Amino acid sequence: MKRFLKVLGIVVLILLALLIILPFAFKGKIINTVKKAANENLNAKVEFADLGVSLIRHFPNISVSLDSLSIIGVNTFEGDTLVSIPDFMLTLNLMSVLKGDSYEVKTVEINDARIYLKVLENGQTNWDIAKEDTTEVIDTTAAAAFEVSLKKLNLKNSFLIYDDASIPVFVRAEGINHTLKGDLTETITDLDTKTVIDDLLINYDGVRYLSGAKATLDSKINADLDKFKFTFPDAHLILNDLELLAKGFFAMPGEDYDMDIEFNAVQNEFKHFLSLIPAVYAKDFDKIDASGALGFKGYVKGIYNDKKIPSFGLDLKIADARFKYPDLPGAVENINIEAIIDNKTGEPDATIVDVDKFHIEMMGNPVDAVIHARTPVSDPYIDATVKGKIDLADVSKVYPLEEGDKLSGLINADFAVKGNQSDAENQRFDEFYADGEMLINNLIYRTSALDQTINISEGKFDLSPANISMPVMNVKIGNNDIAAVGNITNYLAYAFDKGVLKGTMNLKSNYFNLNDFMAEDSTVTDTSSSGLSIVEIPKGIDFTMNSTFKEVLYDKLKLSNATGMLTIKDQVLALKDLKFNTMQGQMTLNGYYSTKVPDEPEVDMTMNISNIEIREAFENFITVQKLAPIAKQTQGKISSNLNINTKLGANMMPLPATMHGKGNLTSPALVINNVTAFNRVADALKLEEFKRWSIDKINLSFEIEAGKVFVKPFTTKLGKINAEISGWNSFDQTLEYAMDMQIPRSTFGGAANNALQGLVKQANSKGANFSLGETVPVTVLITGTVTDPKISTSLKSIGSNIKETIKESVKEKAEEVVGKAKEEAGKYIEEANQKAQKIIDDAQLKANQLIAAAQKSAQKIRNEADVQADKLVAEGKKKGMVAELAAKKAADKVRSEGDKKADGVIAEAQKQADAIMATARQQADKIKADAQNKTK
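Predicted, not measured: the structure shown is a model, and the values here were computed from it. (Residues numbered from 1 in each chain as written. Predicted model: local features only at pLDDT ≥ 70, side-chain atom pairs only at ≥ 80, totals over all residues. Heavy atoms only, no water.)

J.: Would you explain the overall build of the protein in this entry?
T.: Scanning the protein for helices and strands turns up 16 helices and 40 strands. The buried share of the protein, taken over its 936 residues, is 41%. Considering only contacts in the protein between residues 6 or more positions apart, those separated by 24 or more positions represent 54%. Per element, the accessible surface of the protein, about 48600 Å² overall, is 54% carbon and sulfur. (Helix = DSSP H or I, 4+ residues; strand = E, 2+ residues; numbered from the N terminus. Buried < 20%, exposed > 50% of the residue type's maximum accessible area, 1.4 Å probe, protein only. Contact = heavy atoms within 4.5 Å. Areas by Shrake-Rupley, 256 points an atom, 1.4 Å probe, with all protein chains shown as cover.)

Laid out in structure tokens, this is it:
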């Protein structure tokens, strides 16, 4: 955050320093100069549409405005917009501008800003955009000649996202209105700040703590800008209806955060705490009748950095509380909660959780819980008891559901867990206790947000030290039914994020329509409108599922009698012997879908296809459409063994350049009708037979490399015509095939005979001395694309080897691609290693240059401090002994501050250098790993 504030300061200083110089005479030149200076000093792209200067708008002050200001990331954050401000205005004291020594900024107005702050898992931030030598410019030369006296900052109707993957936390704030008043030129100054947020959302580690909340922060702050310490005696924070009073300080003396903050609820009424529950606050909260006492306080104290956390505590007490909606018959009563979360040392393992009491009653049905947790890091300990009954039909009696929504059914829970994770893992069940059950009966949930009604007729979970067993779970979602039986183990370690959740499950269904759970425009055949996106396999899951589904529907594809095993482990979904009947035949799948690299999912699948209808395969599989487009005009059944490996794009479609595989295809007979390429062959040879082919006993093999299907030479029979075919076609619909045919002489007649005579004349003109026999050897080369094929025909003779040349050309091309892929694998790995090493070397060079520049800047800062200190001492001597002593003390301070700034420059450079090397090593490791994976 300190860096972010520094960057904002840099941007403001650059803009001010360059905007105020001769604005009226050189507006166009200033715009270009400002953009150039900003882009030269920041690792980001700075743009704005226009610059305006006015003496009339805020006379006698001068106003400077920028339209459509944006700061856009580069390199790692290429294309990310850090800041977008449609309307940015400064109001300055005119006399301070004319004097030029310092500039008194009356106000900064920022309207409709959109701010996006992002932190990657490795801690890299998108706002750390100041170039290495920027600190030198701001801390010395520019700071000495340019002083800003900001009095007021207004931020209106703005939007902010803070997305921190390193914690992880996600904050979205809409409708931000912020005012800051004070004199920022003083080292110690009093600030008055107020922030109002219309819609606040906070997610932490996958849990949503606030949603749609209204927030206000109003505080007076004593700021020590030299130490970067902010002290507040009475900060008021209002979240929805809950008002908190906080006091203490927050400081950023270096890279660490130092804090000592206490807070407590201003009001002692339960209703104010109730407002934090999003669903309750969103439903006529002002009309709720609520009572009960509230005690809510906490603290945060100590240092926060990459290795340490501050001590903290939270104490919540709710006594004899209730709430009731006036138009509903029921109430939630006897709410009593006593909960403490405490960590007195700042060591994560010292965190304790004590929920001594949790009791609520809904329509007379009580729910009780007691939870104690210790040592969450080293060896999680939990002691928890939960007992209660909920009649879901009562929910509509105490809470206003949406129109058309329905909720009913019974949930009974009675279970207890006590012991350490290590005891459960090592099966010391005499030391680890777990027992109880949870029952679900006739649960029905219907809502306008879902098209399907959910019905759980029966469900049961039995808790034991070894596992959570599920002896029965019968669910219907609309017309879809599923029955499940299974076991879950290692649940305690998973709950504390200390291990993998393991389990086995047996699934059965009579009818399951996957289309009911897909977007309306999601189809298999139309990738342009599918709206599909990458489905990431969750981490920390190790499940094995045996499935038996009688009928499954996916788009127009119908699967019946589907059986097989599915496993989820290490972000890989694996299929084992998944068999089903479909398209009048049968398929068996083995393989996996992996999201170990989230942005590059991988599929490796082996398919055994038996007697399926080829046209139905075309209609249902996009891969068939791309790699075998002829299937659209083909009738008949095929069988195939196919292995394919490919990366998938963002729309879950195969990336052709990464597609590899091999297989075969057999068929007793196929009828191919009205294919453009064959129609043109028919036109070239004047033989109508080629427009409708009846092919017997096909048996061919193929290989797939980089999105191209290479068909090896195979023989077949087209009626009375014997043929040998080979060639390739690709994902982009280009093709090249050679057909060597022996056509009976009797087939030719009329126009066909004229075409044949033309071929004979063509061959003999090249010295072939060709004569016609009972069969005519004709070679056809088909090139171009599926929709626009090009046809070449010729005759084979003793003096001409055209067919062999064509066939060998195609064959050699296939062998060349396959062989080259294998040959290049070793070179690819070697090049990857060289590229990785170059990244390391370049990073080391950049890091060394960064350190050297920092040392140079640091020495310059020290030299300038010495010059300033000597000047102070010299001036003091002129004024007498007392003044000289005071000057020497001031000079020592100047030198000390110079040393501190110089050390800070070097420390910052070292940190950046370390970050550069760490990033380089990660990139190098990824390049090597990707090279190994791609050449397997």
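J.: It is not clear to me how the confidence of the model for the protein should be interpreted in this structure. Could you clarify?
T.: Detailed reading of the predicted coordinates is not advisable wherever pLDDT falls low. Averaged over every residue, the pLDDT of the protein is 81; the share at 70 or more is 82%. For the stretch residues 134–146, pLDDT sits under 50, and the model shows 21 contacts to residues farther than four places along the chain or on other chains. Confidence drops under a pLDDT of 50 for residues 519–531, and excluding neighbours within four residues, the segment shows 18 contacts in the predicted structure. (pLDDT = per-residue confidence, 0-100.)

J.: Would you explain the nonpolar core in this entry?
T.: In globular proteins that are soluble, nonpolar side chains generally tend to be buried together. If you look at the biggest cluster of nonpolar residues, it comprises 155 residues, and the most contacted ones within it are L200, I318, F690, M741, I743 and I782. Among residues more than four places away in sequence, those in contact with I318 are F270, F273, A293, L294, I335, N336 and I337. (Core = buried A, V, L, I, M, F, W, Y, C linked by side-chain atoms within 4.5 Å.)

J.: Is there a simple way to explain the packing of aromatic side chains in this structure?
T.: To describe a pair of aromatic rings, one takes the distance between the centres and the angle between the planes. In this structure the tally under the stated criterion is 11 aromatic pairs. When the centroid spacing of 5.8 Å and the interplanar angle of 45° are considered together, the rings of F250 and Y257 count as tilted. Sitting over the face of the ring of F159, R114 holds its NZ or CZ atom 4.2 Å from the ring centroid. Against the face of W728 rests K708, its NZ or CZ located 4.1 Å from the ring centre. (Phe/Tyr/Trp six-rings, centres within 6.5 Å; stacked < 30°, edge-to-face > 60°. Lys NZ or Arg CZ within 6 Å of the ring centre and 35° of its normal.)

J.: Would you take a moment to explain the pairing of strand β6 (residues 114–119) for this structure?
T.: For a regular strand, the rule is simple: side chains alternate between the two faces of the sheet. Side chains I115, L117 and V119 of β6 all project onto a buried face; the interleaved residues R114, Y116 and K118 project onto a face where none is buried. As judged from the six bridges shared by β6 and strand β7 (residues 152–164), these two strands associate in the parallel manner. Bridging from a neighbouring strand, R114 pairs with F159 of β7. (Pairing = 2+ DSSP bridges.)

J.: Teacher, can you tell me more about the side chain of N645 here?
T.: Among the secondary structure elements, N645 is positioned in strand β33 (residues 637–647). Within polar-contact distance, the side chain of N645 engages the side chain of E602 at 2.9 Å. Separated by 2.9 Å, the side chains of N645 and D604 make a polar contact. Those residues in contact with N645 that lie beyond four places of it in its chain are Y592, E602, V603, D604, T658, M659 and H660. (Polar contact = N/O pair within 3.5 Å; in protein donor to acceptor, adjacent residues only side chain to side chain.)

J.: Help me out: how do you make sense of helix α13 (residues 676–685) in this one?
T.: Residues spaced three or four apart along an α-helix point in a common direction, a consequence of the helix completing one turn every 3.6 residues. Of the positions making up α13, those classed as buried are A677, F678, N679, V681, A682 and L685. In the segment just after α13, K686 is the residue with positive phi, at about 60°.

J.: Is there a simple way to explain the pattern of salt bridges in this structure?
T.: Oppositely charged side chains are able to pair whenever their charged atoms sit close together. Applying the stated criterion across every chain, the model contains 20 salt bridges. Here K220 and D192 are joined by a salt bridge, their closest N and O atoms 3.3 Å apart. One end of the pair, K220, is in strand β10 (residues 207–224); the other, D192, is in strand β9 (residues 188–204), and 28 residues separate them in sequence. Across the pair D354 and R374 runs a salt bridge, and its minimum N-O distance is 3.0 Å. With D354 in strand β17 (residues 352–362) and R374 in strand β18 (residues 365–374), this residue pair connects regions lying 20 residues apart in the sequence. Through salt bridges that share partners, D289, R322 and E333 make up one connected network. (Salt bridge = Lys/Arg side-chain N within 4 Å of Asp/Glu carboxyl O.)

J.: Mind showing me how you'd approach the pairing of strand β30 (residues 585–594) here?
T.: With seven of 10 residues buried, β30 is to be regarded as a mostly interior element. Linking strand β29 (residues 572–582) to β30, which pair antiparallel, is a turn of two residues; within it M583 sits at a positive phi near 50°.

J.: I tried to follow the side chain of D481 on my own but got confused; where do I start?
T.: Structurally, D481 is set in strand β24 (residues 480–489). Look past the residues within four positions of D481 in its chain and what remains in contact with it is V475, K476, K508, S509, N510, Y511 and F512.

J.: So what exactly am I meant to see when it comes to the environment of S560 here?
T.: Tracing the backbone shows S560 in strand β28 (residues 557–569). Distance from S560 to T548, taken between C-alpha atoms, is 9.7 Å for residues 12 residues apart in sequence. Aside from chain neighbours lying at most four places away, what touches S560 is F549, K550, E551, F580 and N581.

J.: Sorry, what's going on with a nonpolar patch on the surface here?
T.: Taken together, the side chains of I167, Y204, V207, Y209 and Y304 define a hydrophobic patch exposed on the protein surface, amounting to about 460 Å² of accessible area. Here Y204 lies in strand β9. Its relative accessible area of 38% is what places Y204 among the partly exposed residues. (Patch = residues over 30% accessible without salt bridge, like charges linked within 9 Å, V, L, I, M, F, W, Y side chains within 5 Å.)

J.: I'm lost on unusual backbone geometry in this one. Help?
T.: The phi torsion of most residues other than glycine is negative, and most of the peptide bonds are trans. In this model, N240 sits at a positive phi of 55°, which is unusual for a non-glycine residue. Its place among the elements puts N240 in the loop between β11 (229–239) and β12 (242–251).

J.: Just to check I follow, could you spell out the environment of D430 for this structure?
T.: Mapped onto the elements, D430 comes out in the loop between α9 (421–425) and β21 (433–446). Assessed through its relative accessible area of 69%, D430 is described here as exposed. Put simply, D430 and G419 are 11 residues apart on the chain and 9.8 Å apart in space, counted from C-alpha to C-alpha.

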